[in-house]
Amino acid sequence: MAEKQKFDIAVIGAGPGGYVAAIKAAQMGRKVALIEKQYLGGTCLNVGCIPSKALLSNAQTLQTIKHAKDFGIEVGKVSFDYSKMKKRKDQVVEKIRSSLGGLIKSNGITIFNGHAEFTAPNELKVRGEDNVMIQAEKIIIATGSEPVDIPAFPCDHKLIRNSTSILELTELPKSIAIIGGGYIGCEFASLFVELGVKVTIIEALSSIVELQGKVISEHLTKAFKTQGIDIKTNTAVEKIDKKKDGVVIHLKGGDTLESDMAVVSVGRRLNSEGLGLEKAGVAVGPRGAIEVNDKLETSAAGIYAIGDITAIAMLAHVASHQGLVAAANACGQEARMHYRAIPAVIFTSPEIATVGLTAEKALEEGYQISVGTYPFQALGKSIATNAVEGFAQVISDKKTGEILGAQVVGHEASVLIAEMALAINNELTLDCVIDTIHAHPTVPEAWLEAALLANETPIHFPPKITKR
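- The name an unreviewed UniProt entry assigns to the chain is Dihydrolipoyl dehydrogenase, from the organism Simkania negevensis.
- Annotation of the chain in UniProt includes, under Sequence similarities (unreviewed entry), the sentence "Belongs to the class-I pyridine nucleotide-disulfide oxidoreductase family."
- The heading Catalytic activity (unreviewed entry) in the UniProt record of the chain holds the text "N(6)-[(R)-dihydrolipoyl]-L-lysyl-[protein] + NAD(+) = N(6)-[(R)-lipoyl]-L-lysyl-[protein] + NADH + H(+)".

Notes on the overall build of the chain
Phase 1 of the analysis: Each helix and strand in the chain was counted, giving 13 helices and 23 strands.
Phase 2 of the analysis: What you see for the chain is a C-alpha radius of gyration of 24 Å, in line with the 23 Å of a compact globule of 468 residues.
Phase 3 of the analysis: Buried residues in the chain amount to 51% of all 468 residues.
Phase 4 of the analysis: Long-range contacts, defined as pairs at least 24 residues apart, comprise 62% of the intrachain contacts of the chain with a sequence gap of at least 6.
Phase 5 of the analysis: Entry remark: accessible area of the chain is about 21800 Å², with carbon and sulfur atoms responsible for 51%.

A short note on helix α3 (residues 49-66)
Phase 1 of the analysis: Here α3 spans 26 Å end to end across 18 residues, near enough to the 26 Å set by a 1.5 Å rise per residue.
Phase 2 of the analysis: The set of residues buried in α3 consists of Pro 51, Ser 52, Ala 54, Leu 55, Leu 56, Asn 58, Ala 59 and Leu 62.
Phase 3 of the analysis: Those residues of α3 that are buried lie in contact with α2 (42-47), α4 (82-106) and α5 (183-194).

A word on the UniProt feature "active site" (unreviewed entry) in the chain
Phase 1 of the analysis: Using the residue numbers shown here, the UniProt feature "active site" (unreviewed entry) corresponds to His 440.
Phase 2 of the analysis: Residue position: His 440 is located in the loop between α12 (430-434) and α13 (445-454).
Phase 3 of the analysis: At 2.9 Å, the side chain of His 440 and the side chain of Glu 445 are in polar contact.

A few points about unusual backbone geometry
Phase 1 of the analysis: Backbone torsion omega between Ser 349 and Pro 350 reads 10°, so that peptide bond is classified as cis.
Phase 2 of the analysis: Looking at where Pro 350 falls in the secondary structure, it is placed in the loop between β18 (344-346) and β19 (352-356).
Phase 3 of the analysis: Of note, the bond from His 440 into Pro 441 is cis; its omega dihedral lies within 30 degrees of zero at -5°.
Phase 4 of the analysis: Despite not being glycine, Asn 386 has its phi angle at roughly 60°, a positive value.
Phase 5 of the analysis: Along the chain, Asn 386 turns up in the loop between α10 (380-384) and β21 (391-397).
Phase 6 of the analysis: Classification of Asn 386 as partly exposed rests on a relative accessible area of 42%.

Observations concerning the domain arrangement of the chain
The figure often quoted for interface size is the accessible area lost as the parts come together.
Phase 1 of the analysis: Per the domain assignment, the segments making up the chain are domain 1 (4-147 + 269-331), domain 2 (160-266) and domain 3 (343-455).
Phase 2 of the analysis: Here domain 1 and domain 2 have C-alpha centroids that lie 27 Å from each other.
Phase 3 of the analysis: Of the roughly 1500 Å² buried between domain 1 and domain 2 on both sides combined, carbon and sulfur atoms contribute 64%.
Phase 4 of the analysis: Ranking the residues of domain 1 by area buried against domain 2 places Val 47, Tyr 82 and Pro 147 at the top, with a combined share of 34%.
Phase 5 of the analysis: Salt-bridge contacts for Lys 89 lead to Glu 168; the nearest nitrogen and oxygen are separated by 3.4 Å.
Phase 6 of the analysis: Run the count over domain 1 and domain 2 and you get 6 residue pairs in polar contact (both at pLDDT 80 or more).

Here we look at the layout of surface pockets
Phase 1 of the analysis: Space inside the second largest pocket adds up to approximately 1000 Å³.
Phase 2 of the analysis: The wall of the second largest pocket is formed by 26 residues, among which Gln 63, Ser 349, Asn 386, Ala 387 and Glu 389 lie closest to the centre.
Phase 3 of the analysis: Put simply, the parts of the chain that give the lining of the second largest pocket at least two residues each are α3, α5 and α6 (214-227).
Phase 4 of the analysis: Residues belonging to the lining of the second largest pocket are distributed by class as follows: 6 nonpolar, 13 polar and 7 charged.

Some words on the sheet that holds strand β8 (residues 160-162)
Phase 1 of the analysis: What the 5 strands build is an open sheet, ordered β8-β15-β9-β10-β11; its pairing is parallel. The open sheet has two edge strands, β8 and β11 (230-232), and neither has a second partner. Across the sheet, the mean angle from the axis of one strand to that of its neighbour is 20°, orientation sign disregarded.
Phase 2 of the analysis: The sheet contact formed by β8 and strand β15 (residues 261-264) spans 3 bridges and is parallel. Paired with Ile 160 across the strands is Ala 262, a residue of β15.
Phase 3 of the analysis: Docked against the sheet, α5 engages β9 (175-179) and β10 (198-202), running at close to 165° with respect to β10.

Regarding the UniProt feature "domain: FAD/NAD(P)-binding" (unreviewed entry) in the chain
Phase 1 of the analysis: What UniProt calls "domain: FAD/NAD(P)-binding" (unreviewed entry) maps, in this numbering, to residues 7-323.
Phase 2 of the analysis: This span, residues 7-323, is 31% helix and 26% strand, and a straight line between its end C-alpha atoms measures 18 Å.

A word on the nonpolar core
Phase 1 of the analysis: Counting 35 residues, the largest nonpolar core has Leu 191, Phe 192, Val 199 and Phe 224 as the members making the most contacts within it.
Phase 2 of the analysis: Only α3, α4, β9, α5, β10, α6 and β15 provide two or more residues apiece to this core.
Phase 3 of the analysis: Formed by 30 residues, the second largest nonpolar core is a distinct cluster that contains Ile 23, Leu 100, Ala 335 and Met 337.

Comments concerning the packing of helix α1 (residues 18-27) against helix α8 (residues 316-330)
Phase 1 of the analysis: With their axes 8 Å apart at the nearest point, α1 and α8 run at an angle of 35° to one another. For the element pair α1 and α8, the recorded crossing hand is right-handed. Contacts between α1 and α8 involve Val 20, Ala 21, Lys 24 and Ala 25 from the former and Ser 320, Gly 323, Leu 324 and Ala 327 from the latter.
Phase 2 of the analysis: The residue inventory of the contact of α1 with α8, partitioned by class, reads 5 nonpolar, 2 polar and 1 charged.

Cut-off values and rules
- Residues numbered from 1 in each chain as written.
- Predicted model: local features only at pLDDT ≥ 70, side-chain atom pairs only at ≥ 80, totals over all residues.
- Heavy atoms only, no water.
- UniProt positions renumbered as here; feature names shortened; annotations may be inferred.
- Helix = DSSP H or I, 4+ residues; strand = E, 2+ residues; numbered from the N terminus.
- Rg over C-alpha atoms; globule rule 2.2 N^0.38 Å.
- Buried < 20%, exposed > 50% of the residue type's maximum accessible area, 1.4 Å probe, protein only.
- Contact = heavy atoms within 4.5 Å.
- Areas by Shrake-Rupley, 256 points an atom, 1.4 Å probe, with all protein chains shown as cover.
- Expected span 1.5 Å × (residues − 1).
- Polar contact = N/O pair within 3.5 Å; in protein donor to acceptor, adjacent residues only side chain to side chain.
- Domains from an automatic or database assignment.
- Buried area = accessible area lost by both parts, 1.4 Å probe.
- Salt bridge = Lys/Arg side-chain N within 4 Å of Asp/Glu carboxyl O.
- 1 Å grid on protein atoms, 1.4 Å probe; cavity = no way out; pocket = protein on both sides within 12 Å on 5 of 7 lines; lining within 4 Å.
- Points joined across faces, edges and corners; volume = space filled by probe spheres on them.
- Nonpolar A, V, L, I, M, F, W, Y, C, P; charged D, E, K, R; others polar.
- Pairing = 2+ DSSP bridges.
- Axes fitted to C-alpha atoms, helices over the stretch in contact; angles between N-to-C directions.
- Core = buried A, V, L, I, M, F, W, Y, C linked by side-chain atoms within 4.5 Å.
- Left-handed = near helix turned anticlockwise from the far one by under 90°.

Next comes the structure, spelled out in structure tokens:
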């Protein structure tokens, strides 16, 4: 019989939601167990956000070197070794994972390695490297998601790969077909085209990154085509045949496409099976999503769920914030989730970041809107650094001036979006941005200029505004 241990709070899953929840609960004086069946850090650290951005940083460095001549710098012939890029990626992941382990232990959290399954509403059976029965007054589920495997063309992780196995490449193919034009597929497209691979994106919808809105989609499509990426929209894949030296992709309508390799990036599957949720009385909705309220409470008293498993907003930083909220509630405080100001970043070239409502969504919700769009080619710092591609755009309520959404395309968009996330979360207006002194010369000045445009009082741009 497995050993039985008692805790105040048990957290299932040590990804960006789970470990944050565990640390928060420990800081509030609770005895905490953190259960992980594979690696600390979950998908984000091990096979998602961090490794993909490590590889993308290699590509960005290569891109910068290629343009050195624009700055009067001669570098000679440039080459790269992808196997060394992959090795650096692995080292980055290992370093962060090791640091994370130390951080968790420094908070007095007990880590168990194994698969957790409910045997009762407040009891878990852990099987794996550690075999133990855990009793806990409160339990937080943070089991995440994994790439979808399509039955018509299952991944063999050699010729047909997903967003996890593509990270294990040590040698680049000459051509790659990416099935799915969402943010993950587009990030891989940016990576591989910069490294000289012939890239084709196949997307069933009418545009790539469709959820980010028309303006973003059109700009990225144009940029990708300029870079040589072939984009096939409104195109469904029926099956993929493997051959000795590549794949033949059969498209709906009869056309075929040959490539050295296919990468399937069409969504993620929620990890709610095998948890024994029925024994705990936890309600599960469509696609296996665990239903929660704004306090992250499930249908079962004392049990919470956070991160991808809730299918609310499948982003690592949302999971982390949900972890803080769930832990606070589990410890007797009251905290609630608000999803109006979630920043989302796509690390393509050019970078893309959004927060709040797109213009289309704001109009759907009945707002009369003002749109201020300021191009980086008109911004002093961007011209000085030769980073003029893209724009900063602010969507505001025409009646009140409240900022409803913002989009930015261009260099360091991932950094720039923070100002607008803060503005929207605190229900700030255009005047709040206009009345804030922005340092010069900097790229964040673009938000000031976009706000002035939306307010119909431009300073460094002709007096013209897009009205809707």
